[in-house]
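Spelled out from the first residue to the last, the chains are:
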Amino acid sequence: MEIFSKLESEVRSYSRGWPVVFDRAQGSMLYDETGKGYLDFFAGAGALNYGHNNPALKQALIDYIARDGVTHALDMFTVAKRDFLETLQEKILGPRELDYKVVFPGPGGANAVEAALKLARKVTGKESVINFTNAFHGMTLGALSVTGNSMKRGGAGVPLVHATPMPYDKYFDGAYPDFLYFERLLEDSGSGLNEPAAVIVEALQGEGGINAARLEWLKGLSDLCQRHNILLILDDVQMGCGRTGPFFSFEDAGIKPDIVCLSKSIGGYGLPLALTLIKPELDVWEPGEHNGTFRGINPAFVTAAEALRVYWSDDKLEQSTRAKGERIASVFEEIVQAYPEAGLVAKGRGLARGIEFASGELAGSVCGEAFDRGLLMETSGPDGEVMKLLPALTINDAELDQGLEIIGESVRAVLTK
């Protein structure tokens, strides 16, 4: 591994916790160059909801490449883009009665967020955006300005402005009514709060610590935005594409955000793709006003469309994800009850799950023990105190049970030392 230390920047992170060289992957398994297998409960930080090298998606990709299908086309019309848009409308937007136009902002989630912030300011003529405690929206300057983590914000090197944080759901453990502070500031002409163009929120904060907002809180936020004529941006980059059960993480709350950010698993196969979905009346862009070289990577359109056809033509995946999530929740509650003195907290929804420990050191040690036993997990939260699970939605029952058994062993190894 000498070449990595010699040439790759110190900014690398995941490789520090998993110091092996990976070579192959299939389904929920990653294999290092010696052939040792690792059960993957990380899934590309949510970019691999359908698993590694999913056979159906792989065949569609191979067929497209083999016939010399267009790879790079900026925002030109292509057969692959048309197929994706038609499939998105047929399988996702139409059945949910969602009326959105599609912006292709660039290849990553931060691109989707930057486009959303930029458009909200253009539409409203206002600069300020409301974000939430422990939010994570990306590492570029605009997205970072609405991110909560102080370490990540500190890397910006410049003041991060035009954003005001508000308390996320349960931030005060129910001590105050929802939105008491936020609404008071909005209504008080002496509060000093700049009139916001938009609110940006995650229905479930992944990087922030697997914090799942209550459905009534999300509904209340949507109502507040409508009352005060504020655009609602829903960042579904990590929690969309079925991660919490339904395709969009906000569906169960019965809301329809003004703007939705998608990336990670929207490409299906792990190929880079991002979308910013906007209500038609917000589509006030001038031609070329927001652009980028890699707005439309056509192989990703191919795998994205195939993923929608294979997995979202019915509700089987959604129901499976909900059931597997409840299985994890049950096991995690057993772990919590087994170590009452440790103050553990089980968290999450669907197949975004976690256990909060008393410190980041403990959570990191559990993930280290799991790696030694052949399981990949990461930590999240402001101090890395949450052991975080994002397994592929396609994981089978045997693999899920194997992973949960390893987690139980790993927690026991750390808490009984």
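Up top is the structure.
Residues numbered from 1 in each chain as written. Predicted model: local features only at pLDDT ≥ 70, side-chain atom pairs only at ≥ 80, totals over all residues. Heavy atoms only, no water.

S.K.: Just to check I follow, could you spell out the state of the cysteines for this structure?
M.R.: By definition, a disulfide links two cysteine residues through a covalent bond between their sulfur atoms. Per the counting criterion, the structure on display carries zero disulfides. Considering cysteine sulfurs only, Cys 261 is the nearest to Cys 225, which forms no disulfide, with 14 Å between them. Taking relative accessible area as the criterion, Cys 225 reaches 2% and is therefore assigned buried. (Disulfide = S-S within 2.5 Å. Buried < 20%, exposed > 50% of the residue type's maximum accessible area, 1.4 Å probe, protein only.)

S.K.: Please clarify how the nonpolar core should be interpreted in this entry.
M.R.: In a soluble, globular protein the nonpolar side chains are often hidden away together inside. Ranked by internal contacts, the top residues of the largest apolar core, which has 87 residues, are Phe 84, Leu 221, Phe 248, Met 377, Met 387 and Ile 407. Here this core takes eight residues from helix α11 (residues 298-311), the largest share from any one element. If near-sequence neighbours (up to four positions away) are discounted, Met 377 is found in contact with Trp 18, Phe 41, Val 366, Cys 367, Ala 370, Met 387, Lys 388, Leu 389 and Ile 407. (Core = buried A, V, L, I, M, F, W, Y, C linked by side-chain atoms within 4.5 Å. Helix = DSSP H or I, 4+ residues; strand = E, 2+ residues; numbered from the N terminus. Contact = heavy atoms within 4.5 Å.)

S.K.: Would you mind showing me how to read the sheet that holds strand β17 (residues 386-389) here?
M.R.: Paired through backbone hydrogen bonds, the strands of a sheet run either parallel or antiparallel to each other. The four strands are arranged β13-β14-β17-β16 in an open sheet whose pairing can be described as antiparallel. Each edge of the open sheet carries a strand with a single partner, namely β13 (345-349) and β16 (378-380). On average, adjacent strands in this sheet sit at an angle of 30° to one another, irrespective of strand direction. Summarising the sheet, strand β14 (residues 352-356) and β17 pair through four bridges and their orientation is antiparallel. Looking at β17, one finds that Gly 354 is bridged to Lys 388. (Pairing = 2+ DSSP bridges. Axes fitted to C-alpha atoms, helices over the stretch in contact; angles between N-to-C directions.)

S.K.: Got a minute to help me understand unusual backbone geometry in this structure?
M.R.: Outside of glycine, negative phi angles account for most residues, and trans bonds account for most peptide bonds. A positive phi angle is found at Asn 53, which is not glycine, with a value near 50°. Looking at where Asn 53 falls in the secondary structure, it is placed in the loop between α3 (43-46) and α4 (55-66). Residue Asn 53 is classed as partly exposed on the basis of its relative accessible area of 29%. For Phe 179, which is not a glycine, the phi torsion comes out positive at approximately 65°. Among the structural elements, Phe 179 can be located in the loop between β6 (163-166) and α9 (180-187). Under the relative-accessibility criterion, Phe 179 is labelled buried at 13%.

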